[in-house]
Amino acid sequence: MTLNGDPLSQILRTPFSPKALRNIACKENLHTSEQRSEKYVDETRAVGAVHEISKSETHPDSKVDHEILATTAGSTPIIIISSDDEDEDQLQGNERSRSKESEMHAVIRETSSTPVIRQCNTQLYKNSTKHVHNTGLSTGKRTTRNIAESELSRTQNIELLSESKTSACSDLSLNNIDSSLVKGMKNLDLQDSKDFSSLETLLTKCGQSAPMQLDEAIVQLGDVINVQKLGEGTYGEAFRAGNLVFKIVPMGGDFLVNCEVQKTVGEMHTEMLLMLTLNRLRRQSSCDFKGQRNVCNNFIETKMVKVCQGLYGRTLINAWEEWNVKHESENDHPSVFPKNQLYMLFVLADGGKDLESFHIASFAVARSILTQVTAALAIAEEDCEFEHRDLHWGNILVARTNSPVSGCRLDGMDMQVDTCGVFVHIIDFTLSRLSTGNEILFSNLSDDPLLFDGPKGDTQAETYRKMLSLTDGSWDKRFSQTNAYWIAYLVDTLLTKKKFPCSDQESRALRALKKRLLCYESAKACLWDDFFEIKWNQ
């Protein structure tokens with residue numbers, strides 16, 4: 001289904017997620033959760049109201065400056081807003097930080113290196129409309145790495161926060177940080193990543209000395225008045241502000257969120273490196289393009305990554321509740337989060353509609369979508385041993401384009417693909433595997449055995465089982481054939497779940513392609529199939 005044409009409309013909560021099995025246990029704690037939620041909703045709204053009144057009274061005529069960050073050709077520029085009352089906000093942030101120190105020390109005393117699993121808080125809502133899905137989020141699978149990583153030392157991290165004065169330093173403003181982050185994206189140092197569980201290391205990677213206040217970070221993204229929730233996943237929620245899409249993922253807490261253990265700092269560090277490694281495939285400029293052996297703009301562009309802290313602001317609460325009235329959220333109300341809750345904030349380009357919602361006008365458009373996906377996987381395979389491992393139709397976004405061709409480069413060879421008026425973006429790398437050149441980043445899919453228990457005959461479920469059989473559970477190893485499996489899945493999905501004008505001959509061509517794809521050992525091998533129409537430039 002679609003939500004008023006919103007681009008991110010497919011849940012990345014797979015139908016075989018263990019979350020459904022845990023919902024029964026969660027409902028036993030509804031009464032406690034409702035009381036806690038009501039308390040925090042009132043407190044959050046009060047804090048937000050005081051903050052806005054204070055700002056408007058202090059600087060009613062404050063000037064606003066805009067900085068347009070460098071973006072790739074054809075993409076929407078980020079507009080970061082900074083105002084003259086920034087110093088005043090920082091002073092207020094000092095007072096807020098000092099008032100929180102006593103609360104932080106209380107949390108330190110009850111935390112340990114082993115997480116304490118508290119009750120699952122689930123807010124019940126009775127507005128019964130069908131759930132609308134979203135593609136901008138994680139699938140709800142636990143991310144791991146190829147090196148031994150202990151659980152997050154929450155005591156150490158919270159001590160770091162209590163010593164820091166959140167939002168009090170000038171280097172915490174988005175305006176000051178993000179230009180350097182965007183400009184230095186392709187030169188991002190991926191080598192000094194030994195201590196993935198350290199919050200301090202993650203902050204350094206994000207160009208920060210301390211977390212930003214969540215509500216202040218959202219304000220600086222742009223069109224705050226029209227923030228809308230787009231959808232949700234087990235580990236986070238997606239919103240839109242203007243032309244940007246952002247997702248908020250809670251991390252490092254010692255209580256369950258949406259019936260799941262929160263993501264650790266190490267897991268968020270890994271996901272960030274996955275996204276930024278793929279970001280480096282993008283064509284940065286005409287000069288840089290000449291020196292890149294592999295170039296591809298089909299992986300969703302990560303505009304910004306930040307570590308944040310605090311309560312959901314009134315704007316986000318309102319957007320969450322408006323979405324819930326229409327779609328009955330399966331997630332906890334954001335009021336369950338304490339004041340010292342940590343989050344990862346991912347700001348992404350708007351990649352279009354998911355393939356499930358997108359209307360395919362012709363066989364030529366279907367062929368172009370398949371070709372763009374296959375080429376992108378082949379290029380990432382060659383560049384960083386990439387395997388997506390979860391490329392269902394919710395993780396492929398399709399947008400309209402006026403460009404007749406899409407240019408990319410595979411191992412130094414330029415190629416052009418006819419777009420037929422559409423451009424593809426691949427998203428969600430939670431289950432993906434790649435090499436940064438220094439480390440192997442991967443997800444241990446065997447941690448979620450229910451992933452492989454889907455219905456027999458269901459193509460998506462069978463694809464997971466094919467991967468398990470191929471890898472024998474060695475998810476850190478390279479198995480590029482998994483990409484071929486997912487391309488075959490996409491062909492089957494076009495044949496069985498999408499309706500578009502297609503002759504008998506074209507239908508037979510798709511069915512024959514599906515059989516051949518299962519025999520190829522990689523996406524790169526698939527790309528040489530006669531089905532894919534590519535113009536190669538030597």
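Check the entry above for the structure.
A brief structural summary. (Residues numbered from 1 in each chain as written. Predicted model: local features only at pLDDT ≥ 70, side-chain atom pairs only at ≥ 80, totals over all residues. Heavy atoms only, no water.)

Let's talk about the overall build of the chain
Where we set the bar: Only runs of H or I of at least four residues qualify as helices and only runs of E of at least two qualify as strands under DSSP, and these elements are numbered from the N terminus. Whether a residue is buried, partly exposed or exposed follows from its accessible area with a 1.4 Å probe, protein chains only, as a fraction of its type maximum: under 20%, in between, or over 50%, in that order. The contact rule is simple, with two residues in contact once any of their heavy atoms fall within 4.5 Å. We get accessible surface area from the Shrake-Rupley algorithm with a probe of 1.4 Å; when it comes to residues, only the shown protein chains can shield them.
Of regular secondary structure, the chain possesses 15 helices and 17 strands. A total of 538 residues make up the chain; the buried ones form 57% of that total. The long-range share in the chain, meaning contacts at least 24 apart out of those at least 6 apart in sequence, stands at 79%. Summing over all exposed atoms, the chain offers an accessible surface of approximately 21700 Å²; the carbon and sulfur share of this is 49%.

Section: the sheet that holds strand β10 (residues 353–354)
The test is simple: The criterion for strand pairing is that DSSP finds at least two bridges linking the strands in question. Interaxial angles span 0 to 180 degrees and are taken between N-to-C directions of axes, which are lines fitted to C-alpha atoms, for helices over the stretch in contact.
If you walk across this open sheet you meet the three strands as β10-β11-β14, and the pairing is antiparallel. Either end of the sheet is taken by a strand with one partner, and the two such strands are β10 and β14 (422–426). As paired elements, strand β11 (residues 396–400) and β14 share five bridges and run antiparallel to each other. From the neighbouring strand, Ile396 faces β14, where its bridge partner is Ile426. Across the sheet, helix α11 (residues 363–384) touches β11 and β14, and the angle it forms with β14 is around 40°.

Focus: the environment of Arg465
By secondary structure assignment, the location of Arg465 is in helix α12 (residues 459–471). Along the primary structure Arg465 and Leu451 are separated by 14 residues, whereas in three dimensions their C-alpha atoms are 8.5 Å apart. Setting aside chain neighbours within four positions, we find Arg465 in contact with Phe452, Asp453, Gly454, Pro455 and Lys456.

Concerning the pairing of β14
By the criterion of burial, β14 is predominantly enclosed, with five of the five residues buried. Side chains Val422, Val424 and Ile426 of β14 all project onto a buried face; the interleaved residues Phe423 and His425 project onto the opposite face, where all are buried too.

Overview of helix α13 (residues 481–496)
Rules: The length a helix should cover is 1.5 Å for every residue beyond the first.
In this model, α13 (16 residues) spans 23 Å end to end at C-alpha, consistent with the 22 Å of a helix rising 1.5 Å per residue. The element α13 is largely enclosed, with a buried count of 14 among its 16 residues.

Thoughts on empty space enclosed by the protein
Selection rule: A cavity here means a set of points on a 1 Å grid, drawn over the protein atoms and nothing else, where a 1.4 Å probe fits but cannot get out; a pocket is an open set with protein on both sides within 12 Å along at least five of seven lines, and a residue lines either one if it has an atom within 4 Å of a point. Grid points are joined across faces, edges and corners, and a volume is the space filled by probe spheres set on the points. As a working rule, the residues Ala, Val, Leu, Ile, Met, Phe, Trp, Tyr, Cys and Pro are called nonpolar, Asp, Glu, Lys and Arg charged, and the rest polar, with Gly in that last group.
If you walk through the whole model with that rule in mind, you get four cavities of 30 Å³ or more. What the second largest cavity holds in volume is close to 70 Å³. Glu237, Pro250, Val257, Asn258 and Phe337 are, among the 13 residues lining the second largest cavity, the residues nearest its centre. Only β6 (236–241) and β7 (244–251) provide two or more residues apiece to the lining of the second largest cavity. Per-class residue counts for the lining of the second largest cavity are seven nonpolar, four polar and two charged.

Quick word on the packing of aromatic side chains
The following threshold applies: Within 6.5 Å between ring centres, the rings of Phe, Tyr and Trp (the latter by its six-membered ring) count as paired, and their orientation is classed by plane angle as stacked under 30 degrees, edge-to-face over 60, tilted in between. Lysine NZ or arginine CZ positioned within 6 Å of the ring centre and within 35 degrees of the ring normal marks a charge as sitting over the ring.
Inspection of every chain in the model, using the stated rule, returns 14 aromatic pairs. On the basis of an interplanar angle of 75° and a centroid distance of 5.2 Å, the ring pair of Trp486 and Tyr489 is categorised as edge-to-face. In this pair, Trp486 and Tyr489 both sit in helix α13, three residues apart, roughly one turn of the helix. Like Tyr489, Trp486 is buried. Taken together, the ring pairs connect Phe255, Tyr312, Phe337 and Tyr343 into an aromatic cluster. For the cation-ring pair, Lys247 lies above Phe346, with the distance from its terminal atom to the ring centre recorded as 5.1 Å. Just above the ring of Phe531 sits the side chain of Arg367; from NZ or CZ to the centre is 4.6 Å.

Description of the pattern of salt bridges
To keep things clear, this is the line we draw: Only one rule defines a salt bridge in this text: a Lys or Arg side-chain nitrogen within 4 Å of an Asp or Glu carboxyl oxygen.
For the structure shown, the criterion picks out 18 salt bridges. Residue Lys247 is joined to Glu271 by a salt bridge in which the shortest nitrogen-to-oxygen separation is 3.0 Å. Of this pair, Lys247 sits in strand β7 while Glu271 sits in helix α8 (residues 265–279), and the two are 24 residues apart along the sequence. Glu271 sits in the buried class, given a relative accessible area of 3%. Arg389 is paired through a salt bridge with Glu387; the nearest N and O atoms lie 3.0 Å apart. Taking the relative accessible area as the measure of exposure, Arg389 reaches 0% and is therefore buried. Glu387 gets classed as buried once you look at its relative accessible area, which sits at 0%. Overlapping salt bridges bring together Lys229, Glu232 and Glu237 as one network.

Considerations on the packing of α13 against helix α14 (residues 504–517)
Packed helices, taken two at a time, are described by the angle their axes make and the gap between the axes. Selection criterion: Oblique is the label for every angle not falling under 35 degrees (roughly parallel), over 145 degrees (roughly antiparallel), or within 65 to 115 degrees (roughly perpendicular). A crossing counts as left-handed when the near helix is turned anticlockwise from the far one by less than a right angle, and as right-handed when that turn is clockwise.
Contact geometry for α13 and α14: axes closest at 9 Å, N-to-C directions at 155°. The pairing of α13 with α14 is recorded here as roughly antiparallel in orientation. Handedness of the crossing formed by α13 with α14: left-handed. Residues Ala484, Ile487, Ala488, Val491, Asp492 and Leu495 of α13 lie in contact with α14, whose contacting residues are Ser507, Leu510, Arg511, Leu513, Lys514 and Leu517. Classifying every residue of the contact of α13 with α14 by side-chain character gives eight nonpolar, one polar and three charged.

Overview of the sheet that holds strand β17 (residues 534–537)
The strand order across the open sheet built from three strands is β12-β13-β17, with neighbouring strands paired in antiparallel fashion. The open sheet has two edge strands with one neighbour each: β12 (405–410) and β17. Taking the axes of each pair of neighbouring strands and ignoring which way they run, one obtains an average angle of 25° across the sheet. Note: β12 against strand β13 (residues 413–418), six bridges, orientation antiparallel. Each bridged residue has a counterpart across the sheet, and for Val405 the counterpart in β13 is Asp418. On top of the sheet, α11 reaches β12, β13 and β17; it is set at about 25° to β12, its chief contact.

Side note on the environment of Val405
With respect to the secondary-structure elements, Val405 resides in strand β12. Separated by 14 residues in the primary sequence, Val405 and Thr419 place their C-alpha atoms 5.1 Å from one another.

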